[in-house]
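One letter stands for each residue in the lines below.
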Amino acid sequence: MSVLVYTQNWDGKFKKSSFELVSYGAKVAEMMNTSLVVVSIGNVEEAELKKLGKWGAGRILSVNNEYNKILDSQVYTDIIAQVAVKESASVIVISNNNEGKAISPRLSVRLKAGMGSGVSRLPLSLSPFTVYKRTFSGNAFAHVVIKSDIKILTLSQNSFDLVETADNSVIENHSVTVDGSLLRTEVMEVRRNAGKILLTDAEIVVSGGRGMKSPDNWGPLVELAGLLGAGLACSRPVSDEGWRSHEEHTGQTGKIIAPNLYIAVGISGATQHLAGVSSSKYIVAINTDKDAPIFEAAQYGIVGDALRILPKLVEAVKEIKK
């Protein structure tokens with residue numbers, strides 16, 4: 001019996017979310033008094049793999065063959081399933097991001113495993129196996145009991161603190177036989193956003209809504225994001241109006257994010273918007289309406305005109321950074 005963690009990489013590099021998974025998996029393994037096995041798929045250098053050991057990885061299995069040069073959910077599911085069976089994994093931990101959401105349901109069917117999606121805490125109980133997750137757009141929580149022999153957990157981003165450990169990791173090149181007919185994805189073109197912070201990776205996000213009144217007023221918001229090293233986002237009405245790109249739209253129908261700090265400027269806080277940002281550790285809201293729903297979700301709030309407050313906020317940040 002073991003706990004298996006799948007760590008996604010981006011062009012051979014791991015991000016904080018991968019280290020969170022390992023820290024989480026290590027604690028689950030400790031609770032179950034069993035071992036932790038980490039699997040990495042793709043071409044990742046040994047020095048990069050060793051970074052996983054810092055966060056609790058014992059055995060690190062590196063799977064690198066001709067079939068995983070392209071992300072294909074069916075191929076990756078096949079690889080993880082084979083590793084899970086060989087390692088007698090009773091719990092499998094995957095990130096609750098786009099890749100995890102594509103792989104975990106397939107893996108659940110393949111292994112006849114119950115699934116807890118979007119968990120944000122360690123299991124509340126091992127017998128019965130019970131996990132905690134937010135529900136109803138973050139307005140409530142649920143205790144989910146998983147009764148299957150194998151459990152799959154997808155961990156919400158930024159929901160578990162990194163726990164550094166002594167590095168006692170061992171890296172093994174792991175061979176897996178893959179059915180080539182499963183590979184049905186063909187990459188025709190790759191376009192990369194240069195110089196922009198991905199919202200799903202950002203520790204801080206600055207977001208604007210219709211309270212900004214015009215796309216011409218976005219300058220201070222852009223400046224604030226630059227000073228804070230933050231991602232720049234917007235509400236759906238703003239992107240629908242064409243003020244900002246749809247790639248910046250956060251919410252239930254846009255990007256689901258969980259930064260450490262979310263600054264909502266001129267955003268009223270409709271249910272659909274809060275569904276996409278409610279997992280943020282801290283929310284700061286600026287709005288003229290003291291009864292705006294955003295203030296119910298925010299830890300800190302400023303009631304006032306964003307166009308008057310923003311320049312002062314920018315100046316304050318500049319003063320601090322001197």
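The structure presented is a predicted model; accordingly, all values stated were derived computationally and were not measured.

Rules used in this analysis
- Residues numbered from 1 in each chain as written.
- Predicted model: local features only at pLDDT ≥ 70, side-chain atom pairs only at ≥ 80, totals over all residues.
- Heavy atoms only, no water.
- Helix = DSSP H or I, 4+ residues; strand = E, 2+ residues; numbered from the N terminus.
- Rg over C-alpha atoms; globule rule 2.2 N^0.38 Å.
- Buried < 20%, exposed > 50% of the residue type's maximum accessible area, 1.4 Å probe, protein only.
- Core = buried A, V, L, I, M, F, W, Y, C linked by side-chain atoms within 4.5 Å.
- Contact = heavy atoms within 4.5 Å.
- Salt bridge = Lys/Arg side-chain N within 4 Å of Asp/Glu carboxyl O.
- Pairing = 2+ DSSP bridges.
- Axes fitted to C-alpha atoms, helices over the stretch in contact; angles between N-to-C directions.
- Right-handed = clockwise from strand over helix to strand, strands pointing away.

## Things to note about the overall build of the protein chain
On a plain count of helices and strands, the protein chain comes out with nine helices and 15 strands. The C-alpha radius of gyration computed for the protein chain amounts to 21 Å, which stays within 12% of the reference 20 Å derived for 322 residues, consistent with globular compactness. Overall, the C-alpha framework of the protein chain stretches about 60 × 45 × 40 Å when taken along its three principal axes. Going through the 322 residues of the protein chain one by one, you find that 48% of them count as buried.

## Some remarks on unusual backbone geometry
What is expected of a backbone is that most residues other than glycine have negative phi and most peptide bonds are trans. The step from Ser 127 to Pro 128 runs through a cis peptide bond, and the omega angle for that step is 0°. Here Pro 128 shows up in the loop between β6 (125–126) and β7 (129–135). Although it is not a glycine, Asn 33 sits at a positive phi angle of roughly 55°.

## Regarding the nonpolar core
The biggest cluster of nonpolar side chains holds 28 residues, and the ones touching the most others in it are Val 3, Tyr 24, Leu 36, Leu 52, Val 91 and Leu 153. For this core, the elements supplying multiple residues, two or more each, are β1 (2–7), α1 (16–32), β2 (35–41), β4 (89–95), β7 and β9 (151–155). Ranked by the residues each element gives to this core, the list is headed by α1, at eight residues. Residue contacts for Tyr 24: discarding those within four places in its chain leaves Val 93, Val 119, Arg 121, Leu 122, Pro 123, Leu 153, Leu 155 and Phe 160. Of all hydrophobic cores here, the second largest spans 25 residues; its members include Leu 61, Ala 89, Ile 92 and Val 176.

## Let's talk about the pattern of salt bridges
This model, assessed by the stated rule, comprises 17 salt bridges. Of the charged contacts in the structure, one is a salt bridge between Glu 48 and Lys 51, with a shortest N-O distance of 3.0 Å. Residue classification places Glu 48 among the buried positions, given a relative accessible area of 5%. A salt bridge links Asp 161 to Lys 281, with the nearest nitrogen and oxygen atoms 3.2 Å apart. Note that Asp 161 is positioned in the loop between β9 and β10 (170–173) and Lys 281 in the loop between α7 (271–277) and β14 (282–287), a separation of 120 residues in sequence. The partly exposed category is assigned to Lys 281, whose relative accessible area is 34%. The structure contains a network of salt bridges with shared partners spanning Lys 13, Glu 48 and Lys 51.

## Some words on the sheet that holds strand β15 (residues 300–303)
Here five strands make up an open sheet; going across it, the order is β12-β11-β13-β14-β15 and the pairing parallel. The sheet is open, and its two borders are formed by β12 (231–234) and β15, each paired with just one other strand. Neighbouring strand axes in the sheet, compared pairwise and without regard to direction, differ in orientation by 15° on average. By the bridge criterion, four bridges tie strand β11 (residues 204–208) to β12 in an arrangement that is parallel. Opposite Val 205, over in β12, you have Gly 231 as the bridge partner.

## Considerations on the environment of Gly 251
In this structure, Gly 251 sits in the loop between α6 (236–240) and β13 (261–265). Of the residues examined, Gly 251 reaches a relative accessible area of 1% and is grouped as buried. A C-alpha to C-alpha distance of 26 Å links Gly 251 and Leu 122, two positions 129 residues apart in sequence. Discounting residues that sit within four places of it in the chain, Gly 251 has contacts with Ile 256, Gln 272, His 273 and Gly 276.

## So, the pairing of β2
Buried residues dominate β2, accounting for six of its seven residues. Pairing geometry for β1 and β2, over six bridges, is parallel. Paired with Tyr 6 across the strands is Val 39, a residue of β2. Chirality of the crossover, the property in question, places the unit of β1, α1 and β2 among those that are right-handed. Where β2 lies against strand β3 (residues 59–63), five bridges are found, and the strand directions are parallel. Paired with Val 37 across the bridge in β3 is Arg 59.

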